[in-house]
Amino acid sequence: MQRFIHTVIYALLFLSLFTMVQPLLAQDSVVSDDEVNEIAKDVYCPVCESTPLDVCATQACADWRELIRTKLGEGQSKEEIFDYFSRQYGDGVLADPPATGLSLIILWVLPIVLVLIAALFFSRIMRNLRSKPAAVPDTAAAGESRVERDVSATPVKQAAGDDYLARIEEEVG
Amino acid sequence: MSDLKESTPETEEASPRPIRWGMIALWVAVFSLLALLGWGLVNTNATRPEKGEEAPALSVEFFNGYEWEDRATADLLDMRGKVVVMNFWASWCVECRLEADLIEDTWRKYEDQDVVFLGVAYADVEPKSIEYLHEFDITYPNAPDLGTDISDEYEITGVPETFFIDKEGVIQHVQIGPLNQQTMDVVIQQLLGEG
């Protein structure tokens with residue numbers, strides 16, 4: 001009899017514990033808005049261009065968010081959901097489309113090619129600049145002052161100066 | 001003396017110039033880039049196919065229960081010899097709801113003739129699409145626009161949009177916005193050769 005009473009007490013305890021824990025378990029399986037938006041922010045609906053799904057107010061976007069919630073509830077991963085959206089609505093709906101086909105060329109190959117072209121042009125320009133001979137001789141190295149260089153560079157003025165000196169010397173006698 | 005001889009202009013001209021692979025690669029890259037940009041520009045400026053133009057090829061995978069002639073998939077080419085009325089719609093589209101009964105009634109009116117009605121669900125969630133089809137008791141073939149390939153080809157700007165394609169696969173009328181009974185009857189009868 002005592003054994004029977006103990007069994008009933010244990011059963012009641014187990015039942016009450018189960019009824020307390022069950023809602024908590026059920027709450028865990030409910031997908032929160034934050035979890036939905038974590039994926040929705042990287043998806044763009046083709047109806048509302050340039051507006052991510054998490055902030056788009058149209059019915060189409062609300063439907064798509066519900067679809068994300070359903071798929072998360074089914075236990076699908078972020079990548080699986082992105083794959084589904086890409087297959088169903090095209091790569092264009094993803095903020096970070098997979099690098100295949102045209103998107104591979106535009107997003108990955110093109111920038112590298114552009115950088116290489118720019119580097120090649122830059123190196124050629126630099127090489128051309130280096131290979132040009134210096135236009136002005138290095139007079140400082142020869143010990144010649146700037147004034148002397150200017151005077152020597154103007155022979156007409158020098159000749160005129162000589163004439164003037166000769167006349168003064170003649171007049172002074 | 002021999003050094004002087006080597007540096008004379010005549011001898012310099014005689015020696016073959018090395019192939020400048022770097023420059024060749026550079027120009028190839030530049031032209032490829034320009035071609036790619038040009039192609040992108042042409043694609044961006046692509047416009048909706050209009051009356052008199054051949055209808056772009058399309059391939060559909062019908063919703064379960066909405067197949068055409070018991071086929072799960074079909075191409076537009078399979079429908080050659082029939083008038084095709086292709087309607088783009090979505091369950092979230094308010095104006096599509098205004099024309100849904102009209103399209104279904106017209107389908108039932110012409111389904112025994114050489115006409116195929118094809119509904120294409122644009123940017124829609126499948127359970128919602130099916131719900132919509134049930135709600136309006138739609139019976140004509142319907143398919144999702146997988147990968148938005150069809151709407152891209154037909155360059156639609158929204159829903160609803162309807163393309164009337166003749167038996168030779170040429171677009172004969174494009175309806176932007178909801179349809180009305182008169183337009184449907186006139187165009188379909190004309191394309192069936194009754195008009």
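That block above? That's the structure.
Okay, so let's go over this structure. (Residues numbered from 1 in each chain as written. Chains lettered and ligands numbered in written order. Predicted model: local features only at pLDDT ≥ 70, side-chain atom pairs only at ≥ 80, totals over all residues. Heavy atoms only, no water.)

Okay, the pattern of salt bridges next. All names here are of chain B. Within the structure shown, the criterion is met by 15 salt bridges over all chains. Residue arginine 108 pairs with glutamate 104 through a salt bridge whose shortest N-O separation is 2.5 Å. A residue pair is termed a helical-turn pair when its members lie 3 or 4 positions apart in one helix, as arginine 108 and glutamate 104 do in helix α4 (residues 94-110) at 4 residues. You can call arginine 108 partly exposed: its relative accessible area is 39%. Judged by relative accessible area, which is 3%, glutamate 104 ranks as buried. One salt bridge connects lysine 109 with aspartate 185, and the closest N-O pair in it is separated by 3.0 Å. Taken together, the positions of lysine 109 in helix α4 and aspartate 185 in helix α7 (residues 181-191) put the pair 76 residues apart, joining distant regions of the chain. (Salt bridge = Lys/Arg side-chain N within 4 Å of Asp/Glu carboxyl O. Helix = DSSP H or I, 4+ residues; strand = E, 2+ residues; numbered from the N terminus. Buried < 20%, exposed > 50% of the residue type's maximum accessible area, 1.4 Å probe, protein only.)

Residues and elements named next belong to chain A. The first and last C-alpha atoms of helix α4 (residues 78-89) sit 16 Å apart over 12 residues, in line with the 16 Å expected at 1.5 Å per residue. Inspection of α4 places Ile81, Phe82, Tyr84, Phe85, Ser86, Gln88 and Tyr89 among the buried residues, and these make up the whole buried set. Just past α4, the residue glycine 90 takes up positive phi, approximately 95°. (Expected span 1.5 Å × (residues − 1).)

Further remarks concern the interface of chain A and chain B. Taken residue by residue, the interface counts 20 residues in chain A and 22 residues in chain B. For the pairing of chain A and chain B, the buried interface totals around 1,800 Å² over both sides, and the portion due to carbon and sulfur atoms is 74%. Considering only the side of chain A, the residues that lose the most area to chain B are Asp63, Gln88 and Tyr89 of chain A, jointly responsible for 27% of the buried surface there. Inspection of the chain A/chain B interface yields 1 salt bridge. The shortest N-O distance in the salt bridge between aspartate 63 of chain A and lysine 128 of chain B comes to 3.8 Å. If you look at where chain A meets chain B, you find 5 residue pairs in polar contact (both at pLDDT 80 or more). Per element, the largest residue contribution to the side of chain A that touches chain B is 9 residues, and it comes from helix α5 (residues 101-131) of chain A. (Contact = heavy atoms within 4.5 Å. Buried area = accessible area lost by both parts, 1.4 Å probe. Polar contact = N/O pair within 3.5 Å; in protein donor to acceptor, adjacent residues only side chain to side chain.)

Moving on, we come to the packing of helix α2 (residues 33-40) of chain A against helix α3 (residues 59-73) of chain A. Residues and elements named next belong to chain A. Contact geometry for α2 and α3: axes closest at 9 Å, N-to-C directions at 110°. One finds that α2 runs roughly perpendicular with respect to α3. When the axes of α2 and α3 are compared, the crossing they make is right-handed. Between α2, through Asp33, Glu35, Val36, Asn37, Ile39 and Ala40, and α3, the contact on the second element is made entirely by Arg65, Ile68, Arg69 and Leu72. Looking at the contact of α2 with α3 residue by residue, the classes come out as 5 nonpolar, 1 polar and 4 charged. (Axes fitted to C-alpha atoms, helices over the stretch in contact; angles between N-to-C directions. Parallel < 35°, antiparallel > 145°, perpendicular 65-115°, else oblique. Left-handed = near helix turned anticlockwise from the far one by under 90°. Nonpolar A, V, L, I, M, F, W, Y, C, P; charged D, E, K, R; others polar.)

Right, let's talk about the packing of α4 of chain B against α7 of chain B for a bit. Residue and element names in this part refer to chain B. For the pair α4 and α7, interaxial distance at closest approach is 11 Å and the crossing angle is 30°. Considering the angle they form, α4 stands roughly parallel to α7. The interaxial crossing formed by α4 with α7 has right-handed handedness. Across the interface between the two elements, Leu102, Ile103, Thr106, Lys109 and Tyr110 of α4 pack against Gln181, Met184, Asp185, Ile188 and Gln189 of α7. In terms of residue class, the contact of α4 with α7 is made up of 5 nonpolar, 3 polar and 2 charged.

Quick look at the pairing of strand β4 (residues 115-121) of chain B now. Here is the key point about a regular strand: its side chains alternate between the two faces of the sheet. Residue and element names in this part refer to chain B. Within β4, 7 of the 7 residues are buried, which leaves the element mostly enclosed by the surrounding structure. Because side chains alternate across β4, one face comprises the buried residues Val115, Phe117, Gly119 and Ala121, and the other comprises Val116, Leu118 and Val120, equally buried. Strand direction decides the pairing type here: strand β3 (residues 83-89) and β4, joined by 7 bridges, are parallel. Following the sheet pairing, phenylalanine 88 is matched in β4 by valine 120. Relative to strand β5 (residues 142-144), β4 runs parallel, the two sharing 3 bridges. Of the residues in β5, the one forming a bridge with glycine 119 is asparagine 142. (Pairing = 2+ DSSP bridges.)

Let's shift gears to the nonpolar core. Among the nonpolar cores identified, the biggest contains 77 residues, and Trp64 and Phe85 of chain A together with Met86 and Tyr154 of chain B are the most heavily contacted of them. Those residues in contact with methionine 86 of chain B that lie beyond four places of it in its chain are Leu58, Leu118, Val120, Ile150, Tyr154, Glu161, Thr162 and Phe163 of chain B. (Core = buried A, V, L, I, M, F, W, Y, C linked by side-chain atoms within 4.5 Å.)

Okay, unusual backbone geometry next. Residue and element names in this part refer to chain B. Backbone torsion omega between valine 159 and proline 160 reads 0°, so that peptide bond is classified as cis. Looking at where proline 160 falls in the secondary structure, it is placed in the loop between α6 (149-153) and β6 (161-165). Even without glycine at this site, threonine 148 takes up a positive phi of about 50°. Along the polypeptide, threonine 148 turns up in the loop between β5 and α6. Residue classification places threonine 148 among the buried positions, given a relative accessible area of 8%. Here glutamate 155, not a glycine, exhibits a phi torsion of approximately 50°, which is positive. Within the element layout of this structure, glutamate 155 appears in the loop between α6 and β6.

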